[in-house]
Every structure is written in C-alpha cells, then in structure tokens.
Amino acid sequence: MKVLGYRLELLTGLLLHDVTMAGLQELRFPEEKPLLRGQDATELEHDIETPYGLLHVVIRGSPKGNRPAILTYHDVGLNHKLCFNTFFNFEDMQEITKHFVVCHVDAPGQQVGASQFPQGYQFPSMEQLAAMLPSVVQHFGFKYVIGIGVGAGAYVLAKFALIFPDLVEGLVLVNIDPNGKGWIDWAATKLSGLTSTLPDTVLSHLFSQEELVNNTELVQSYRQQIGNVVNQANLQLFWNMYNSRRDLDINRPGTVLNAKTLRCPVMLVVGDNAPAEDGVVECNSKLDPTTTTFLKMADSGGLPQVTQPGKLTEAFKYFLQGMGYIAYLKDRRLSGGAVPSASMTRLARSRTASLTSASSVDGSRPQACTHSESSEGLGQVNHTMEVSC
C-alpha cells in the first residue's frame, strides 16, 4: 500500500513496542495463547494530521482487497496496547485478523512515550475525537472500517458512525455508556478525584467493585501500567473530557420523530459483572433490534477482551460472518479442514439465540443455531442475538 504524506517511525515504534511488551509479559491474563507460527505481527506507527491535532495510529498487517479495515479505539486510562494486546494476540483472533488490516488508534497523548501537553492545551471534545477519524481513514485509503471500541473508545466510534455513517461497515462496542453524566454523577466524580489517585479513580471505571476486591493480581497489574505507561497529565485531560460528554442522542427507529440511530450492524458487549452493564443494556434498548446483537458475557467483568478473549473472539467471528466476511474458517476441532460459515451466519441472523458458557469454553457448536433450507444470506445483516456466554 502506497501512502503519501505520512511520517514512518518504524525504529522508534519497534523500540517502544519492545519496552511495553516487556512490561506486559509480567501480567498473567487468562486464555492468552502465543502468536501463530509465521504470523506477521509487524506494527508500523504513524502520526496523522487531523483538524484537531496529531493522532497516533498503529497499522498491523496490510489491506486485503476491498475488505474494510478493523479500527480500534481504547478506553480512558489505557492505550491500544493495554486495551487490545491480549485480544489481538489471542491465537484464534489472528485467524480472523489475517483477513483484514488492523488500525489501532490512540487518543491524543495516550500512547506509549507521549509528550505531555503544554499548559493550557484544550483536549478535543468527544465529538471532535470522532471527527478526527475521517483523516485516518482518508490517509490510509480505507473505504470503510469495522470499529471495535471499549468504554470511552466505544462512545467515540458510535459518534463517528452517527456523523460519518458511510465510513462505518460495522461496530463492536464494549462497555458503551450512551448517557452523559448528570450533576450528581459529576459531583461524585469530582469528590472521588479529591480522595483517590488518578489511577485508582480510573480503575473504578474499568473494573467493578467485586473485581477491585477479589481480582487483586489483575487490578494491581493495571494500576501499575496505568500509572507508569500513560502520561498522567494527558490522562487527566482525557478523563475530564469523557466525564463531560453529552448523551449519545440515539433512539430506536419509530419511537420518536426523525430518530437518530446507528445504521450499521452493531454488537454490544458487556460482562455480567461490569460497571458499565446498565449503560450497555440501555444502549441496546435504543438501537434497531434488526441490526443489533447484544452479548452479555457470564463470569466476566469490566475488561472482557482481556479476561475472556476466546469467548469474545468467537462472538466477533459470528458477527463478521453475519456481514458476509470470512466465508470459510479452519476448524481445528475436526480434521484440520475448513468448515463453511453458513450455519454460523444463520446463528447471527436468527432473531434470538442462546450460547451457553459450556459451549464457549469447550468449543462445541452453539445448540440454538437456526437452520434453514439454504445457505443464502451471507451478505445480510444480523438481527438481535441476546447471548450469555
């Protein structure tokens, strides 16, 4: 891919990657598997000019024909490495991403080694963060993207899809809260900021109270990484802007006149023990049920892409197949051959389905798959699929 006008910082990027991975290797995340042999994990770092300042972007892989790029946006307190490395390094996920180019976006000033913003710097609003993304899409020549966002990143990608619907093919929104903070929530956040350190305040956003008490090793690992990897002054600006966000202003079609909604297929994801559970449930109630999948993951907390990468990968696979991508996938449970995705596509298209914890853990095929007489419809969008896995 020939790209004009960008500054390639390969050497610096690789050094930063090595330093960060050295720290992350000390973390013990469940279900993580090693890279596939021969997998090209080369990451190229870029700084992209946008109407609201520079945006740090990491490209993994190369464009695959006319397929959309997978574009990620992390949660507040994290960056693309802390938020997505476990998920994208998971072996089964790489079976998917080898079919797509992956574009990781770091919010301004949140990347590894970012310089501190000067005093008086005005951090972009959530709307402006969304408005920065078309510059990324145009810079790399992507026709459209499939977005994966977590928390604040999910909000940004939803805004992006509302403002620029023609650029978004689909969305996976983890822990999205479509509501702005009321004055009571705002006051509580301010009070928390006075009595807690910034990393601890952010941890209460990322993890439930139960996780903060019980999952000491994981929480302590993230406390250390948030405090050491992310520039604290820059993080404070991002945190303040996220907490001053407005309502996403979406409504289910037909409920109000000229209702705004997400026009692309959407998969909403939340753990059953996540602080964002109520917000995700409300978001689901405001979206078109014919194009929305709701995935509630059992035995999962605030970071399902970290603690349950296998289950999320399986759901993402179905989501892509419902949109007509990845027609065949290798099934290592059988004889190593490829299996057609038609039945999986029917699962994604079925009105409701139930995917139990057992079927996700042992890899057995979901029992609630709706079979039809033909395998047509690979290009059709999926319907609401409330899943507990």
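Keep in mind the model is a prediction, meaning the values are calculated, not measured.

Broken down by element type, the chain carries 15 helices and eleven strands. For the chain, the residues scored as buried account for 54% of the 389 residues in total. Pairs at least 24 residues apart make up 78% of the contacts formed inside the chain by residues separated by at least 6 positions. Carbon and sulfur atoms make up 51% of the accessible area of the chain, which totals about 17100 Å².

The next thing to look at is the pairing of strand β3 (residues 69-73). Of all five residues in β3, five are buried; the element is thus mostly enclosed. In terms of strand pairing, β3 meets strand β4 (residues 102-106) through four bridges, oriented parallel. Considered in β4, the bridge of tyrosine 73 is made with valine 105.

Nonpolar side chains in soluble globular proteins tend to end up buried together. Counting residues in hydrophobic clusters, the biggest one holds 97 residues, and the most contacted among them are Leu173, Tyr222 and Phe316. If we ignore the near neighbours within four places in the chain, the residues touching leucine 173 are Gly149, Ala154, Leu157, Ala158, Leu262, Val266, Met267, Leu268 and Val269.

For helix α11 (residues 277-285), every residue scored as buried is listed here: Glu277, Gly279, Val280, Cys283 and Asn284. Viewed along the axis of α11, the buried residues span an arc of 165 degrees, placing them on a single side of the element.

Working note: α-helix, 3.6 residues per turn, so residues spaced by three or four point in the same direction. Taking 1.5 Å of rise per residue, 15 residues should cover 21 Å, and helix α4 (residues 126-140) covers 23 Å from first to last C-alpha, within 8% of that figure. Taken as a whole, α4 has its buried residues at Met126, Leu129, Ala130, Met132, Leu133, Pro134, Ser135, Val136, Val137, His139 and Phe140. One or two positions beyond α4, positive phi appears at glycine 141, with a value near 75 degrees.

Quick look at the packing of helix α7 (residues 198-206) against helix α9 (residues 216-229) now. With their axes 10 Å apart at the nearest point, α7 and α9 run at an angle of 130 degrees to one another. Between α7 and α9, the angle falls in the class oblique. Crossing hand, α7 versus α9: right-handed. Between α7, through Pro199, Asp200, Val202, Leu203 and Leu206, and α9, the contact on the second element is made entirely by Val219, Tyr222, Arg223, Ile226 and Gly227. A per-class count over the contact of α7 with α9 returns seven nonpolar, one polar and two charged.

This part covers the side chain of threonine 72. For threonine 72, the location among the structural elements is in strand β3. Taking relative accessible area as the criterion, threonine 72 reaches 0% and is therefore assigned buried. Setting aside residues up to four positions removed in sequence, threonine 72 forms contacts with Phe84, Phe88, Cys103, His104, Val105 and Ile148.

With that out of the way, let us pick up the pattern of salt bridges. Throughout the structure, instances matching the rule amount to ten salt bridges. For glutamate 127, the salt bridge is made with lysine 159, and the minimal N-O distance between the two is 3.8 Å. Of this pair, glutamate 127 sits in helix α4 while lysine 159 sits in helix α5 (residues 152-163); the two residues are 32 residues apart in sequence, bridging distant segments of the chain. The salt bridge partner of lysine 296 is glutamate 277, with a shortest N-O separation of 2.6 Å. Of this pair, lysine 296 sits in strand β8 (residues 292-297) while glutamate 277 sits in helix α11, and the two are 19 residues apart along the sequence. Lysine 296 sits in the partly exposed class, given a relative accessible area of 28%.

Now for the confidence of the model for the chain. Any region with low pLDDT has predicted coordinates that should not be read closely. Per-residue confidence for the chain gives a mean pLDDT of 78, with 69% of residues at or over 70. This stretch, residues 1-40, has a pLDDT under 50; its non-local contacts, to residues over four places away or in other chains, come to 66 contacts. With pLDDT under 50 throughout, residues 331-389 is counted as low confidence; its partners more than four residues away or in other chains account for 136 contacts.

All right, on to the pairing of strand β5 (residues 145-150) then. With respect to burial, β5 is a largely interior element, six of its six residues being buried. Judged by which residues are buried, β5 turns out to be covered on both faces: Val145, Gly147 and Gly149 on one side and Ile146, Ile148 and Val150 on the other are all buried. Strand direction decides the pairing type here: β3 and β5, joined by five bridges, are parallel. Counted as the bridge partner of tyrosine 73 is glycine 149 from β5. Here β5 runs beside strand β6 (residues 168-174); their pairing, made up of six bridges, is parallel. For glycine 149, the partnering residue across the bridge sits in β6 and is leucine 173. In this fold, the crossover linking β5 to β6 by way of α5 has right-handed handedness.

Procedures and definitions
Residues numbered from 1 in each chain as written. Predicted model: local features only at pLDDT ≥ 70, side-chain atom pairs only at ≥ 80, totals over all residues. Heavy atoms only, no water. Helix = DSSP H or I, 4+ residues; strand = E, 2+ residues; numbered from the N terminus. Buried < 20%, exposed > 50% of the residue type's maximum accessible area, 1.4 Å probe, protein only. Contact = heavy atoms within 4.5 Å. Areas by Shrake-Rupley, 256 points an atom, 1.4 Å probe, with all protein chains shown as cover. Pairing = 2+ DSSP bridges. Core = buried A, V, L, I, M, F, W, Y, C linked by side-chain atoms within 4.5 Å. Arc of directions from axis to C-beta. Expected span 1.5 Å × (residues − 1). Axes fitted to C-alpha atoms, helices over the stretch in contact; angles between N-to-C directions. Parallel < 35°, antiparallel > 145°, perpendicular 65-115°, else oblique. Left-handed = near helix turned anticlockwise from the far one by under 90°. Nonpolar A, V, L, I, M, F, W, Y, C, P; charged D, E, K, R; others polar. Salt bridge = Lys/Arg side-chain N within 4 Å of Asp/Glu carboxyl O. pLDDT = per-residue confidence, 0-100. Right-handed = clockwise from strand over helix to strand, strands pointing away.

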